[in-house]
Amino acid sequence: MSDSYPSAPADLAGLVSYQPGAIVSRSLIKRKNGSVTIFAFDRGQELSEHTVPFDALVCVLDGEAEIRVGASMHRVSAGEAIAMPANEPHALAAIDRFKMLLSMVRA
C-alpha cells in the first residue's frame, strides 16, 4: 500500500483540505490495476470531459457536484456515489466545494 494510506480508521474527508481556486488530491493507493485517490474541489472547479481505461466509482464525501457520464448529467451530494464505466466520456464540476473518493479499477 501507499505510504499515505491510513492503516487505522480515518476520517476520509479530513485527509485533504480545500484550497481557494484549486483542486487538491491525495493518492491513497496506486497500482497498475487501479488506484484510490481523495480530491477536494473548490467551488466552480471542474474536470473537463475525458475518458480513462478504468472503471471508476466516485463517492462524494462532502458538498455537491454535477457529474456527467456519457450524455447523462447527475447531481451527486455527500453520502452518494456514482459509477463511471471504463472508456465512457465523463466530466464533473463543483456546484459547491466538494470532496470525493475516487476508486479506479482496470476493466
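Note that the structure is a prediction, hence the values are computed from the model and not measured.

## Focus: the nonpolar core
Argument step 1. F41, V58, I67, M84, F98, M100 and L102 are the most contacted members of the largest nonpolar core, which totals 19 residues.
Argument step 2. Where this core is concerned, the elements lending two or more residues are β2 (34-41), β4 (54-62), β5 (64-69), β7 (81-84), β8 (90-94) and β9 (98-106).
Argument step 3. Residue contacts for I67: discarding those within four places in its chain leaves V58, S72, M73, H74, V76, I82, M84, A91 and L92.

## Considering the sheet that holds β4
Argument step 1. One open sheet accounts for 5 strands, arranged β1-β2-β9-β4-β7; its pairing is antiparallel. Two strands close off the open sheet at either side, each with one partner strand: β1 (23-31) and β7. In this sheet, neighbouring strand axes are inclined to one another by 15° on average, regardless of whether the strands run parallel or antiparallel.
Argument step 2. Strand direction decides the pairing type here: β1 and β2, joined by 8 bridges, are antiparallel. What sits directly across from I29, in β2, is V36.

## Some details on the side chain of S35
Argument step 1. Structurally, S35 is set in strand β2.
Argument step 2. Judged by its relative accessible area of 16%, S35 falls in the buried class.
Argument step 3. Those residues in contact with S35 that lie beyond four places of it in its chain are I29, K30, L102, S103 and M104.

## With respect to the environment of M100
Argument step 1. Relative to the helices and strands, M100 resides in strand β9.
Argument step 2. Separated by 72 residues in the primary sequence, M100 and L28 have C-alpha atoms spaced 13 Å apart.
Argument step 3. What M100 contacts, discounting residues up to four positions off in sequence, is T37, I38, F39, F41, V58, C59, V60, L61 and L92.

## Side note on the sheet that holds strand β3 (residues 46-50)
Argument step 1. Taken in spatial order, the 4 strands of this open sheet run β3-β8-β5-β6, and their pairing is antiparallel. Bordering the open sheet on either side are β3 and β6 (72-77), each of which pairs with just one other strand. Each strand of the sheet is rotated relative to its neighbour by a mean of 20°, with strand direction disregarded.
Argument step 2. Pairing analysis gives 3 bridges linking β3 to β8, with the strands arranged antiparallel. What sits directly across from L47, in β8, is L92.

Rules used throughout
Residues numbered from 1 in each chain as written. Predicted model: local features only at pLDDT ≥ 70, side-chain atom pairs only at ≥ 80, totals over all residues. Heavy atoms only, no water. Core = buried A, V, L, I, M, F, W, Y, C linked by side-chain atoms within 4.5 Å. Buried < 20%, exposed > 50% of the residue type's maximum accessible area, 1.4 Å probe, protein only. Helix = DSSP H or I, 4+ residues; strand = E, 2+ residues; numbered from the N terminus. Contact = heavy atoms within 4.5 Å. Pairing = 2+ DSSP bridges. Axes fitted to C-alpha atoms, helices over the stretch in contact; angles between N-to-C directions.

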